[in-house]
Structures are given as C-alpha cells and as structure tokens.
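Commentary on secondary and tertiary structure
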Amino acid sequence: MTAGGDPRKLESDAQQIPNIIHVEDPYCYRCPWGKEINSCSRECVSHVERVIAFEGPENIAAILMEGESGSSGCIKYPPDYLQKIRALCDKHGILLIADEVMSGFGRTGKWFATEHRQVVPDMMPLPKELLRVIFLWAH
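Residues numbered from 1 in each chain as written. Predicted model: local features only at pLDDT ≥ 70, side-chain atom pairs only at ≥ 80, totals over all residues. Heavy atoms only, no water.

**As for helix α1 (residues 43-55)**
For α1, which comprises 13 residues, the first-to-last C-alpha distance of 18 Å matches the rise-based estimate of 18 Å (1.5 Å per residue) to within 8%. Considering only its buried residues, α1 is in contact with β1 (62-66) and α2 (81-92). Immediately beyond the C-terminal end of α1, within one or two residues, lies glycine 56, with a positive phi of roughly 90°. (Helix = DSSP H or I, 4+ residues; strand = E, 2+ residues; numbered from the N terminus. Expected span 1.5 Å × (residues − 1). Contact = heavy atoms within 4.5 Å.)

Shown next, in the form of structure tokens:
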C-alpha cells in the first residue's frame, strides 16, 4: 500500500513503511514539466535519474511500477519510457519490478503489459487468483 503512493489513502493510513520514494507520473497529456507531446524531451526519465542520483543508487533496492499504469489513472507511458527506466536500472544495478496485477494476463492484448515495450523486469508480482487460473489451465 505504501509503495503505491495513492494520495487518497494518506490520511487513513498512518502506518506506512518508511523509505519509499515516489516520482512524478510520466503523464504526457498533463505533463508535470509543461511539455507538449510533440516537444517532449522525456523529463520524466530525467526526473527519475535525478532522484536516483540524489538518493544514491547504492541506497535503492528497486524501482516498482505497473507494466501499464492503471491505479494512477490509466496513464499511457511515453513509447520509450519503460525501456529508458530499464536502462537506468541496469546502469545502476537496481531491480526493476513490474507490477502486473492490473495489467497482466492478457488485459492489454499481450500476456504482460511490459511485452508491448519489449522490457523484461527482474521481478513481477502477480495476483494469486490469476495464478490459480493459470495452474488449472496448464493442467
């Protein structure tokens, strides 16, 4: 719950775990940096890189994000965003965790949303209900 960063729950959840850092959403439609879609220079990626530098890459265990954004309002990532985040993780030895609970198992047209961008995460949390379905389907 803490890693999700949904501001609607902050007042009701006083027991959040420490040391979770949130970054701006890569939201092209309402860019936090005021960029137009045609003139985007991927400030969203530069922002993540600045946060990594500020916190120190040796202090960051993982970057956790959805394969396709759902809980933050169904924000479409820029086309090369996930590849650039994957490259940052590789450069700094940080794990990339793609949360495919909402976007996995064919919900985006491929088994996992990260497949649309040819990105292979280091870890992938999956909902147990869907794991049961796959287990039954496989047998």
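Having seen the structure, we can now continue with the description.
**Observations concerning the pattern of salt bridges**
Under the counting rule described, the total for this entry stands at five salt bridges. Close ionic contact of aspartate 80 with lysine 84 constitutes a salt bridge, the shortest N to O distance being 3.7 Å. When salt bridges with common partners are traced through the structure, they connect Arg86, Asp90 and Asp122 into a single cluster. (Salt bridge = Lys/Arg side-chain N within 4 Å of Asp/Glu carboxyl O.)

**Concerning α2**
Spanning 12 residues, α2 covers 17 Å between terminal C-alpha atoms, matching the ideal 16 Å at 1.5 Å per step. Among all positions in α2, only Tyr81, Leu82, Ile85, Arg86, Leu88 and Cys89 are buried. For α2, the buried positions fall inside an angular range of 160° around the axis, keeping them on one side. Where α2 ends, the next residue or the one after it, glycine 93, has phi of about 70°, a positive value. (Buried < 20%, exposed > 50% of the residue type's maximum accessible area, 1.4 Å probe, protein only. Arc of directions from axis to C-beta.)

**Examining the packing of α1 against α2**
Remark: α1 packs on α2, axes separated minimally by 10 Å, with the N-to-C direction vectors making an angle of 20°. Classified by the angle their axes make, α1 and α2 are roughly parallel. As for how α1 packs across α2, the hand of that crossing is right-handed. In contact with Cys44, Val45, Val48, Glu49 and Ile52 of α1, α2 contributes Tyr81, Lys84, Ile85, Leu88, Lys91 and His92. Of the residues that constitute the contact of α1 with α2, the class distribution is seven nonpolar, one polar and three charged. (Axes fitted to C-alpha atoms, helices over the stretch in contact; angles between N-to-C directions. Parallel < 35°, antiparallel > 145°, perpendicular 65-115°, else oblique. Left-handed = near helix turned anticlockwise from the far one by under 90°. Nonpolar A, V, L, I, M, F, W, Y, C, P; charged D, E, K, R; others polar.)

Any functional reading would require information beyond the geometric quantities listed.
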